[in-house]
Amino acid sequence: MKTIDSYTAALPPRHRRSSVTFTSDRWRTTSEGVIIAFVALLTSGLLFSLFLLLLGKNPMQFFALIWQGGFGSSFSLQNSLQRAAPLILTGLAFAIPAKIGMTMIGAEGALVLGGFSSAAVAIPLVSTHQPVVPTMMIMALTGILTGALWTGFAGWLKYKRGVNETISTLLLTYIAIAIMNFFVEGLLRDPASKNKASTMPIGQDYMVGLMPGMDVHWGLVVGVVFAVALHVLMTRTTFGFAVRISGGNVRAALAQGLPVGKLILTCSAIAGMCAGLAGYFEVAAIQGQANASLAARYGFTGILVSFLARHNALAVIPVAIMFGAISAAGGLIQRRMDMPDATALVLQGIIFVVLLASETVYGRFAMFQPKLETAR
Amino acid sequence: MTAADIALILTAMLGGAMRVSTPFIFVALGETLTEKSGRINLGLEGTLVLGAMIGYAISYQTGSPWLGVLAAGCSGMLLGLIHGVICSLPRVNDIAVGISMMSLGTGLAFFFGKPYIQPSAPRLQSLEFGGWASNPAIKSALEINPLFIVGIVTAFIMWWGLANTKLGLILRMTGDSEPAARAMGINPIKVRVVATVLGGFLAGVGGAFLSLSYPGSWNEGLSSGQGLMAVALVIFARWNPLRCIVAALLFGAAGAIGPALQSVGISQGYYFFNAAPYILTLIIMISTARSTTAAREAPGELSIIK
């Protein structure tokens, strides 16, 4: 594939900017994003502290416990990383369609259905003792493919019929959970699962193992690899360039003859792949079977992860780890401060609202603005 | 299946439709009000959940379910105010803010709602219109909640008010053309904030119905997307309050299929029928998308239509 540089190289010299200015302009816009995001985080921290003070709780203790429960020991760090793994993938599932201007909030559904389908396809394979590695591959591919088709359907509806993708993906999430419940409570229910209806356990041999010397499963590495690969795809290839053009101005993209429909379909399928893969890891590395625990809101937290990362695939990684830490510290906060597990949801909600309100300050500070005119 | 069974299912569906549709009516009316001003509030799902929790808690604390309904409405106004003010800032996307308000509302409801999952609060009493019938199925189908009637009356008032009052004209003009509103000396931001706050009130009341009447208890799985389905419902009803009632009854009937079948002993596929309202919404969205009639009746400033 051609890189963007090969296009700019063909431009007449006066349109080519010196590489120094280009980097410093890029530096300006990047630091604008990072600094505003940090200020938004600080502001939401203050607002949340106010909320805690009103309830008679100690905010300092809260944030100290988040640090302790998220990063304080090697155990808690690994716990955070373990929870970050699905968040990286669901964050990407929001970020990639966002690049083409779509607000797809259905990662939860693709995760549930991807996880369920990989557990379902495992039943005949595991019970006939098929070889381990091909079985795992088939499970992972089933999860990925199911997710891609599920979210791809919403993309197809968007481009074929103009159906609003935000509402359709959320409806598909509820439908996905209903489909899983239908099978898990009925046809595919393991008779041994008494209290909580589940599919047949895939068994220890077929589960994804932990990384050597760590308590974290391989899903984390796969998530990071996906993030890097998608970052390269979005910033260094003609495909990514075309996606960003279409996201910026559909009419311009259509006038240039870009295949906008195909790009929309591809982006939503990629989103579904990521979410489906997250579902596979939840089944194959954590639960060992499919049940209602799959709908653990990873898909919804991923939306916030992506917004805070400004839909940048690389930035999704640290942000996911941060939210993984908040979730890992939940138990500690529940025990020490006597607060419900929904505390994390309130904190996330406040961060989310403040973050979106902060969109309004972009472009207000001269020091962050590119200086294209003077560079020529 | 005998004819009696079918009659039983239909009666149960009729009664169920009225029960299930009530929150839809309120959320859809609230969303209509907000969208008529040219803004969309996807956060009504969060408003619904918070309203359900606040309504239940206040009813439990004070012993008066109607006070609960009022408090639920006020919590909805507060969320509406936050949404309205943030969306008035330049460069802020109202759909994204809606998603964030959804998570904030749900988070607050789960946070404060934990102690109220167990205790039983006084519910709203239904009005018995079926006293004449001897059949218990008909009797229970005709137990109508007063909020259902309030919802219908509200719809008629809104329908009349939008078409015949000065306030209705201001609201419609702001939604159709911001420049026209400005030219008339109307501040569109003020109109939209007020419309979002009032819309939040209605959605909060709809939430109170969930916890105080049907299903009639507070738990974290109480609302499952009704707030979002209402957005699709409003498009289907083409921003007309009266059509909102019809659409809500249709959605209610779809939601009542599963329980109605269960009442005659058909429990197979219960989870599948649970998905019926979502599938119906999706089908409606697919069939109304790019419809020229819908586009003609849509408020001109609405981002979801553009």
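1. Observations concerning the overall build of chain A
Right, on to step 1. Each helix and strand counted, chain A has 16 helices and zero strands in total.
Right, on to step 2. Computed over its C-alpha atoms, the radius of gyration of chain A comes to 22 Å, within 12% of the 21 Å expected for a compact globule of 376 residues.
Right, on to step 3. The principal-axis extents of the C-alpha atoms in chain A amount to approximately 70 × 55 × 40 Å.
Right, on to step 4. Counting across all 376 residues of chain A, residues that qualify as buried make up 52%.
Right, on to step 5. For chain A, the proportion of contacts with a sequence separation of at least 24, taken over those separated by at least 6, is 78%.
Right, on to step 6. On chain A, roughly 16800 Å² of surface is accessible, and the fraction owed to carbon and sulfur atoms is 66%.
Right, on to step 7. Both charge centroids of chain A, one from 26 positive and one from 14 negative side chains, sit 11 Å from each other.

2. Quick word on the overall build of chain B
Right, on to step 1. The secondary structure content of chain B amounts to 14 helices and two strands.
Right, on to step 2. In summary, chain B has a C-alpha radius of gyration of 19 Å against a globular reference of 19 Å for 306 residues, a match within 12%.
Right, on to step 3. For chain B, the spread of C-alpha atoms along the principal axes amounts to about 65 × 45 × 35 Å.
Right, on to step 4. In chain B, buried positions account for 56% of the 306 residues.
Right, on to step 5. Considering only contacts in chain B between residues 6 or more positions apart, those separated by 24 or more positions represent 76%.
Right, on to step 6. Looking at chain B as shown, the accessible area adds up to about 12300 Å², and 67% of this sits on carbon and sulfur atoms.

3. Quick notes on the packing of helix α15 (residues 343-357) of chain A against helix α4 (residues 94-113) of chain B
Right, on to step 1. Close contact between α15 of chain A and α4 of chain B brings their axes to 8 Å; oriented N to C, the two are set at 155°. Taken together, α15 of chain A and α4 of chain B sit at an angle that is classed as roughly antiparallel. Along this stretch, α15 of chain A crosses α4 of chain B, giving a crossing that reads as left-handed. Across from Thr343, Leu345, Val346, Gly349, Ile350, Phe352, Val353 and Leu356 of chain A in α15 of chain A, the residues of α4 of chain B making contact are Ala96, Val97, Ile99, Ser100, Met101, Ser103, Leu104, Gly107, Leu108, Phe110 and Phe111 of chain B.
Right, on to step 2. Its residues assigned to classes, the contact of α15 of chain A with α4 of chain B shows 14 nonpolar, five polar and no charged.

4. Regarding the pattern of salt bridges
Right, on to step 1. Applying the stated criterion across every chain, the model contains nine salt bridges over all chains.
Right, on to step 2. Arg192 of chain B is the partner of Glu178 of chain B in a salt bridge, and the nearest nitrogen-oxygen pair spans 3.1 Å. Here Arg192 of chain B lies in helix α9 (residues 188-212) and Glu178 of chain B lies in helix α8 (residues 178-183), a separation of 14 residues in the sequence.
Right, on to step 3. On the basis of relative accessibility, which here comes to 21%, the residue Glu178 of chain B falls in the partly exposed class.
Right, on to step 4. Here Glu297 of chain B makes a salt bridge to Arg238 of chain B, at a shortest N to O gap of 3.9 Å. One end of the pair, Glu297 of chain B, is in helix α14 (residues 292-297); the other, Arg238 of chain B, is in the loop between α10 (226-236) and α11 (241-263), with 59 residues separating them in the sequence.
Right, on to step 5. Here the salt bridges do not stand alone but share partners, grouping Asp341 of chain A together with Lys114 and Glu220 of chain B into one network.

5. Some thoughts on α11 of chain B
Residue and element names in this part refer to chain B.
Right, on to step 1. Counted at 1.5 Å a residue, the expected span for α11 with its 23 residues is 33 Å, and the 32 Å between its end C-alpha atoms agrees.
Right, on to step 2. The principal kink in α11, of about 40°, is found at Ile257, preceding the proline Pro259 by one to four residues.
Right, on to step 3. Sitting at the amino-terminal end of α11 is Asn240, which places a side-chain oxygen 2.8 Å from the backbone nitrogen of Leu242.
Right, on to step 4. One or two positions beyond α11, positive phi appears at Gly265, with a value near 95°.

6. Considerations on the packing of aromatic side chains
Any aromatic ring pair is given by two values, namely how distant the centres are and how the planes are angled relative to each other.
Right, on to step 1. A complete count under the given rule lists 19 aromatic pairs over all chains for this structure.
Right, on to step 2. These aromatic residues form a ring-pair network of at least three members: Phe48, Phe51, Phe62 and Phe63 of chain A together with Phe111 and Phe112 of chain B.
Right, on to step 3. Its end group placed over the ring of Tyr214 of chain B, Arg19 of chain B keeps NZ or CZ at 5.4 Å from the ring centre.

7. What about the environment of Gly38 of chain B?
Residue and element names in this part refer to chain B.
Right, on to step 1. Relative to the elements of secondary structure, Gly38 occurs in the loop between α1 (3-36) and α2 (44-62).
Right, on to step 2. Separated by 263 residues in the primary sequence, Gly38 and Glu301 have C-alpha atoms spaced 4.7 Å apart.
Right, on to step 3. Residue contacts for Gly38: discarding those within four places in its chain leaves Gly175, Arg192, Glu301 and Leu302.

8. So, unusual backbone geometry
Right, on to step 1. Put simply, Tyr214 of chain B and Pro215 of chain B share a cis peptide bond, and its omega is 0°.
Right, on to step 2. Structurally, the position occupied by Pro215 of chain B is in the loop between α9 and α10.
Right, on to step 3. Positive phi values are uncommon outside glycine, yet His129 of chain A reaches one of about 55°.
Right, on to step 4. For His129 of chain A, the position within the fold is in the loop between α5 (107-127) and α6 (132-161).
Right, on to step 5. A residue is classified by how much of its surface remains accessible, and His129 of chain A, at 66% relative accessible area, is exposed.
Right, on to step 6. Unlike most non-glycine residues, Asp338 of chain A shows phi in positive territory, near 55°.
Right, on to step 7. Looking at the secondary structure, you find Asp338 of chain A in the loop between α14 (330-337) and α15.
Right, on to step 8. The exposure class of Asp338 of chain A is exposed, given its relative accessible area of 63%.

About the cut-offs
Residues numbered from 1 in each chain as written. Chains lettered and ligands numbered in written order. Predicted model: local features only at pLDDT ≥ 70, side-chain atom pairs only at ≥ 80, totals over all residues. Heavy atoms only, no water. Helix = DSSP H or I, 4+ residues; strand = E, 2+ residues; numbered from the N terminus. Rg over C-alpha atoms; globule rule 2.2 N^0.38 Å. Buried < 20%, exposed > 50% of the residue type's maximum accessible area, 1.4 Å probe, protein only. Contact = heavy atoms within 4.5 Å. Areas by Shrake-Rupley, 256 points an atom, 1.4 Å probe, with all protein chains shown as cover. Lys, Arg positive; Asp, Glu negative; His and termini not counted. Charge placed at Lys NZ, Arg CZ, Asp CG, Glu CD. Axes fitted to C-alpha atoms, helices over the stretch in contact; angles between N-to-C directions. Parallel < 35°, antiparallel > 145°, perpendicular 65-115°, else oblique. Left-handed = near helix turned anticlockwise from the far one by under 90°. Nonpolar A, V, L, I, M, F, W, Y, C, P; charged D, E, K, R; others polar. Salt bridge = Lys/Arg side-chain N within 4 Å of Asp/Glu carboxyl O. Expected span 1.5 Å × (residues − 1). Bend = angle between axes of the 7 residues up to and from the residue. Polar contact = N/O pair within 3.5 Å; in protein donor to acceptor, adjacent residues only side chain to side chain. Phe/Tyr/Trp six-rings, centres within 6.5 Å; stacked < 30°, edge-to-face > 60°. Lys NZ or Arg CZ within 6 Å of the ring centre and 35° of its normal.

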